[in-house]
Amino acid sequence: LLGEKDALVVNDGRLSINRRCCRVDIWSLDELAVEMERRRDNRSFMATARRRLVAVYQGDFLADEGEPWVYAARERWRKRFDALIQTSQA
């Protein structure tokens, strides 16, 4: 289904996506957020990063899911996105 035989890995009895061959938008968002938080004093970088952030963040995390565990993650990412947007405009 994923089109890559090594897309899934089992580590310590837990099934997960292999970061070496799959890209997940939330991982990309997290990497960008960490870099923005680290380089928040660099105006040029922040302007570029803000555009990338808006392109990567495509709305609520798992917007079509109604499982209780999703709500906290969704809210956490929405708050982080909002804070990064505010920081990048300063």
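Residues numbered from 1 in each chain as written. Predicted model: local features only at pLDDT ≥ 70, side-chain atom pairs only at ≥ 80, totals over all residues. Heavy atoms only, no water.

Taking 1.5 Å per residue, 14 residues should reach 20 Å; helix α1 (residues 25-38) reaches 20 Å between its end C-alpha atoms and fits that length. On its buried side, α1 packs onto α2 (43-56) and α3 (68-89). (Helix = DSSP H or I, 4+ residues; strand = E, 2+ residues; numbered from the N terminus. Expected span 1.5 Å × (residues − 1). Contact = heavy atoms within 4.5 Å.)

Attention shifts here to the pattern of salt bridges. Under the counting rule described, the total for this entry stands at six salt bridges. Its salt-bridge partner being Glu 35, residue Arg 38 comes within 2.8 Å of it at the nearest N-O pair. Here Arg 38 pairs with Glu 35, and both are found in helix α1, just three residues apart, close to one helical turn. We classify Glu 35 as partly exposed; its relative accessible area is 23%. Connected via shared salt-bridge partners are Asp 30, Glu 37 and Arg 80. (Salt bridge = Lys/Arg side-chain N within 4 Å of Asp/Glu carboxyl O. Buried < 20%, exposed > 50% of the residue type's maximum accessible area, 1.4 Å probe, protein only.)

A few words on the packing of aromatic side chains. In total, this model carries one aromatic pair according to the counting rule given. Measuring from centroid to centroid gives 4.1 Å for Tyr 57 and Phe 81, while their planes differ by 15°, and the two rings are stacked. Taken together, the residues span a long stretch of sequence, with Tyr 57 in the loop between α2 and α3 and Phe 81 in helix α3 at a distance of 24 residues. With relative accessibility at 13%, the residue Tyr 57 sits in the buried group. (Phe/Tyr/Trp six-rings, centres within 6.5 Å; stacked < 30°, edge-to-face > 60°.)

Let's shift gears to the side chain of Arg 74. For Arg 74, the location among the structural elements is in helix α3. For the buried residue Arg 74, which engages in no salt bridge, the nearest side chain bearing the opposite charge is Asp 60, 4.9 Å off. (Lys, Arg positive; Asp, Glu negative; His and termini not counted.)

Attention now goes to the environment of Ser 44. Mapped onto the elements, Ser 44 comes out in helix α2. Residues Ser 44 and Ser 88, spaced 44 residues apart in sequence, show a C-alpha to C-alpha distance of 9.8 Å.

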